[in-house]
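The primary structure of each chain is shown beneath.
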Amino acid sequence: MTIDQQSATRIARVLAEALPYIRRFRGRTVVIKYGGNAMVDARLKSGFARDVVLMKLVGIHPVVVHGGGPQIGRLLERIGKESRFVDGMRVTDAETMDVVEMVLGGLVNKEIVQLIASHGGRAVGLTGKDGGLIRARKLHIRRKGPELEQPEIIDLGHVGEVEAVDTGVVDMLVAGDFIPVIAPIGVGEDGRSYNINADLVAGRVAEVLQAEKLILLTNTAGVLDREGRVLTGLGPEEVDALIADGTIHGGMLPKVRCALEAVRAGVRAAHIIDGRVEHAVLLELFTDEGVGTLIRGEGP
């Protein structure tokens, strides 16, 4: 196949633009939360796997944390079990937890590993139970209201939050030139498995690894202002102000707070990017414009 001069020039410019970013991030760790449309659209899934493999080939260390809510919901529906949610979190009884482990730790995790392998990468799938990676504790939802004399405590079953992260197994895999792919399942002191929000796991893993970047793939263009324009290059104080005045609200709030916690704990930058865009990860990392919102850390 021949290539015309205009296309060749455009490709050369893209590669030249990427070079300083590749040099800057070589040897650094980037934690990516993989979810949303990017996990269900075949073209986007293939593009994501290629992005991750390319990152590894140029000397960056990607660590992938994935979700899988829609896949869990479909399997529960097939076995005739209703999904219930409280504040966006799935109520997870013992039977549902078995399904969560099978889908996240098995089907979804291994599909991602295989996708990476099909593009020439070497990946290893983990759950937070492997190597003591994620120690969890039971998550309690407390609701207050004027009609309640005491706060109401809602039991979500096997839903947890991250108590501690031991990245020993991740460090070993990265040193061995593997790409870790982590399912967000932790284990409590009682030996029980807990389903944990993947954004929260990605954020805590990035903090403990002192990652260069935390990237959260979403189904939106990023953090938007009141006119619907993407905001980027934000510092923590600017983000706090946008939350206070209601510009950042609804479903974007948990992701933004996750990003804020990460940068305040030492992660150099957090990105909330549009996973509906093919090769979104590479575009955000290696181009001047990017495809989402960058939240800067407080350090130099």
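Not measured: the values here are computed from a predicted model. (Residues numbered from 1 in each chain as written. Predicted model: local features only at pLDDT ≥ 70, side-chain atom pairs only at ≥ 80, totals over all residues. Heavy atoms only, no water.)

Between helix H2 (residues 42-57) and helix H4 (residues 94-118), whose axes approach to 8 Å, the crossing angle comes to 65 degrees. Seen along the crossing, H2 lies across H4 with a hand that is right-handed. Across the interface between the two elements, Lys45, Ala49, Val52 and Val53 of H2 pack against Glu111, Leu115 and Ile116 of H4. (Axes fitted to C-alpha atoms, helices over the stretch in contact; angles between N-to-C directions. Helix = DSSP H or I, 4+ residues; strand = E, 2+ residues; numbered from the N terminus. Left-handed = near helix turned anticlockwise from the far one by under 90°. Contact = heavy atoms within 4.5 Å.)

Okay, the UniProt feature "site: Transition state stabilizer" (unreviewed entry) in the protein next. UniProt feature "site: Transition state stabilizer" (unreviewed entry): in the numbering of this structure it lies at Lys33 and Lys255. Across 223 residues in sequence, these annotated residues keep their C-alpha atoms within 10.6 Å of one another, forming a single compact spot. Lining residues of the largest pocket drawn from the annotated list: Lys33 and Lys255. Within the secondary structure, lysine 33 sits in strand S1 (residues 29-34). Residue lysine 33 is classed as buried on the basis of its relative accessible area of 9%. For lysine 33, the residues in contact, after removing those within four places along its chain, are Val65, Gly67, Ala198, Asp199, Ala202, Ile215, Leu216, Leu217 and Lys255. Among the secondary structure elements, lysine 255 is positioned in helix H8 (residues 252-264). (UniProt positions renumbered as here; feature names shortened; annotations may be inferred. 1 Å grid on protein atoms, 1.4 Å probe; cavity = no way out; pocket = protein on both sides within 12 Å on 5 of 7 lines; lining within 4 Å. Buried < 20%, exposed > 50% of the residue type's maximum accessible area, 1.4 Å probe, protein only.)

What follows concerns the nonpolar core. Among the nonpolar cores identified, the biggest contains 44 residues, and Val31, Val170, Leu214 and Ile248 are the most heavily contacted of them. No other element matches H8, which puts eight residues into this core. Not counting residues up to four positions away in its chain, the partners in contact with valine 31 are Val63, Val65, Ala202, Val205, Ala206, Leu209, Ala211, Lys213, Leu214 and Ile215. Listed in part, the 43 residues of the second largest apolar core include Val58, Leu115, Ala123 and Ile179. (Core = buried A, V, L, I, M, F, W, Y, C linked by side-chain atoms within 4.5 Å.)

In total, this model carries one cavity of 30 Å³ or more according to the counting rule given. When its volume is computed, the largest cavity comes out at roughly 60 Å³. Together, Ala38, Leu44, Gly47, Phe48, Asp51, Leu217, Gly275, Val277, Glu278, His279, Ala280 and Val281 line the largest cavity. Mapped by element, the contributors of at least two residues to the lining of the largest cavity are H2 and helix H9 (280-286). With four residues, H2 is the single largest residue contributor to the lining of the largest cavity. In terms of residue class, the lining of the largest cavity is made up of seven nonpolar, three polar and two charged. (Points joined across faces, edges and corners; volume = space filled by probe spheres on them. Nonpolar A, V, L, I, M, F, W, Y, C, P; charged D, E, K, R; others polar.)

One non-glycine residue with positive phi stands out, namely glutamine 210, at about 50 degrees. Within the fold, glutamine 210 resides in the loop between helix H6 (198-209) and strand S11 (213-218). At histidine 279, a position not held by glycine, the phi torsion is positive, near 60 degrees. With respect to the element layout, histidine 279 can be found in the loop between strand S12 (269-274) and H9. Its relative accessible area of 26% is what places histidine 279 among the partly exposed residues.

Between its first and last C-alpha atoms H2 spans 23 Å; for 16 residues at 1.5 Å apiece the expected length is 22 Å, and the two agree. Along H2, the positions that sit buried rather than exposed are Leu44, Lys45, Gly47, Phe48, Ala49, Asp51, Val52, Val53, Met55 and Lys56. For H2, the N-terminal cap is aspartate 41; the gap from its side-chain oxygen to the backbone nitrogen of arginine 43 is 3.0 Å. Following H2 by one or two positions, glycine 59 has its phi on the positive side, about 95 degrees. (Expected span 1.5 Å × (residues − 1). Polar contact = N/O pair within 3.5 Å; in protein donor to acceptor, adjacent residues only side chain to side chain.)

As a further point, take the pattern of salt bridges. Applying the stated criterion across every chain, the model contains 21 salt bridges. Notably, a salt bridge pairs glutamate 278 with arginine 43, separated by 3.0 Å at the nearest N-O pair. Of this pair, glutamate 278 sits in the loop between S12 and H9 while arginine 43 sits in helix H2; the two residues are 235 residues apart in sequence, bridging distant segments of the chain. Owing to a relative accessible area of 32%, glutamate 278 belongs among the partly exposed residues under this scheme. By relative accessible area, arginine 43 is classed as partly exposed at 43%. The salt bridge involving glutamate 111 is made with lysine 45; its shortest N-O contact spans 2.8 Å. (Salt bridge = Lys/Arg side-chain N within 4 Å of Asp/Glu carboxyl O.)

Another point: the sheet that holds S11. Sheet architecture is open: seven strands sit in the order S5-S8-S2-S1-S11-S12-S13, paired in mixed fashion. For this open sheet the edge positions go to strand S5 (123-127) and strand S13 (292-296), each flanked by a neighbour on one side alone. On average, adjacent strands in this sheet sit at an angle of 20 degrees to one another, irrespective of strand direction. Pairing of S11 with S12 involves six bridges; the strand directions are parallel. Bridge pairing in S12 places isoleucine 215 opposite histidine 271. The strands that H4 touches are S1, strand S2 (61-66), S5 and strand S8 (179-183); relative to S8, the one it contacts most, it runs at about 155 degrees. (Pairing = 2+ DSSP bridges.)

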